[in-house]
Amino acid sequence: MSDVTRILKSIESGDPKAADELLPLVYGELRKLASAKMANESPNQTLQSTALVHEAWLRLVGNDNPQFANRAHFFAAAAEAMRRILIDKARRKRALRHGGDQQRVDMDGVEVAAPDGDDQLLAVNDALDKLAAQNKAEAELVKLRYFVGMTLEEAAAVLGISTRTADNYWAHARAWLYKEIERNRSL
């Protein structure tokens, strides 16, 4: 049994100090995953990967007694927490009181700045929710790859599936999501 699994079992049994032991063991991995995801965000992003990890950590263990079955369950929950944080941030930025759909203007070149990825992020999130209703395993794989930045091999290990199966899921999910996003754009 790995240290992470042992500590997760301690957390489940109600040990108040177990969460403090877990963070040093998983922080490096969570930071790496958050950094990979933040590298794909727009350059004017104000959320830093460290803040994303800390916010996800608070959401994961901020409950009175979080329960994780194993390491894979913990990292899947971390991926979901990071996804929700990024989605909430994108929704806040699109809110009218935060500027809504207004575009930045580069005063030096008097050109409209490139649109940020918030619309795309929200479109992917909406389509991903629909995919999850049809195929939960593929949706979980997409969350780990797209929102956390894991490689195919890392995501397969977390989900407990073969790399080949993960590759098949990834190919199908990408095609399905593309069709769904395009269909919603045309509406």
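Heads up: the structure comes first, above all this text.
Now for a description of the structure that goes with this document. (Residues numbered from 1 in each chain as written. Predicted model: local features only at pLDDT ≥ 70, side-chain atom pairs only at ≥ 80, totals over all residues. Heavy atoms only, no water.)

## Structural notes on the overall build of the chain
A tally of helices and strands in the chain yields eight helices and two strands. Going from the N terminus to the C terminus, the chain shows its helices and strands as α-α-α-α-β-β-α-α-α-α. Per-residue burial over the chain gives 39% buried out of 187 residues. For the chain, long-range pairs separated by at least 24 residues make up 59% of all intrachain contacts whose partners lie at least 6 apart in sequence. If you sum the accessible surface of the chain, you get close to 11,000 Å²; carbon and sulfur atoms cover 50% of it. (Helix = DSSP H or I, 4+ residues; strand = E, 2+ residues; numbered from the N terminus. Buried < 20%, exposed > 50% of the residue type's maximum accessible area, 1.4 Å probe, protein only. Contact = heavy atoms within 4.5 Å. Areas by Shrake-Rupley, 256 points an atom, 1.4 Å probe, with all protein chains shown as cover.)

## Things to note about the nonpolar core
By size, the foremost hydrophobic cluster in this structure holds 53 residues, and its most contacted members are Leu22, Leu30 and Phe74. Mapped onto this core, the elements with two or more residues apiece are helix H1 (3–12), helix H2 (18–39), helix H3 (49–61), helix H4 (71–94), helix H5 (118–134), helix H6 (136–147), helix H7 (152–159) and helix H8 (163–185). A total of ten residues in this core trace back to one element, the largest contributor, which is H4. Once you skip the residues sitting within four places of it in the chain, Leu22 turns out to touch Val4, Ile7, Leu8, Ile11, Trp57 and Phe74. (Core = buried A, V, L, I, M, F, W, Y, C linked by side-chain atoms within 4.5 Å.)

## Section: the packing of H4 against H5
H5 packs onto H4 with a crossing angle of 130° between their chain directions and a minimal axis gap of 9 Å. Relative to H5, H4 is oriented oblique. Like other packed secondary-structure pairs, H4 and H5 cross with a definite hand, here left-handed. Contacts between H4 and H5 involve Arg83, Leu86, Ile87, Ala90, Arg91, Lys93 and Arg94 from the former and Asp118, Asp119, Leu121, Leu122, Asn125, Asp126, Leu128 and Asp129 from the latter. Its residues assigned to classes, the contact of H4 with H5 comprises six nonpolar, one polar and eight charged. (Axes fitted to C-alpha atoms, helices over the stretch in contact; angles between N-to-C directions. Parallel < 35°, antiparallel > 145°, perpendicular 65-115°, else oblique. Left-handed = near helix turned anticlockwise from the far one by under 90°. Nonpolar A, V, L, I, M, F, W, Y, C, P; charged D, E, K, R; others polar.)

## Describing H8
Counted at 1.5 Å a residue, the expected span for H8 with its 23 residues is 33 Å, and the 32 Å between its end C-alpha atoms agrees. Listed in full, the buried residues belonging to H8 are Ala166, Trp170, Ala173, Trp176, Leu177, Glu180 and Ile181. On its buried face, H8 is in contact with H5, H6 and H7. (Expected span 1.5 Å × (residues − 1).)

## So, the packing of aromatic side chains
Applying the stated criterion to the full structure yields two aromatic pairs. Ring plane angle 70° and centroid distance 6.4 Å describe the contact between Trp57 and Phe74, whose orientation is recorded as edge-to-face. Here Phe74 lies in helix H4 and Trp57 lies in helix H3, a separation of 17 residues in the sequence. With respect to class, Trp57 is no different from Phe74; both count as buried. Ring centres of Phe74 and Phe75 lie 5.2 Å apart, and the angle between their planes is 80°; this geometry places the pair in the edge-to-face category. With respect to class, Phe74 is no different from Phe75; both count as buried. Joined through ring pairs, the aromatic side chains of Trp57, Phe74 and Phe75 make up one cluster. Here the basic side chain of Arg145 rests over the ring of Trp170, its NZ or CZ set 4.3 Å away from the ring centre. (Phe/Tyr/Trp six-rings, centres within 6.5 Å; stacked < 30°, edge-to-face > 60°. Lys NZ or Arg CZ within 6 Å of the ring centre and 35° of its normal.)

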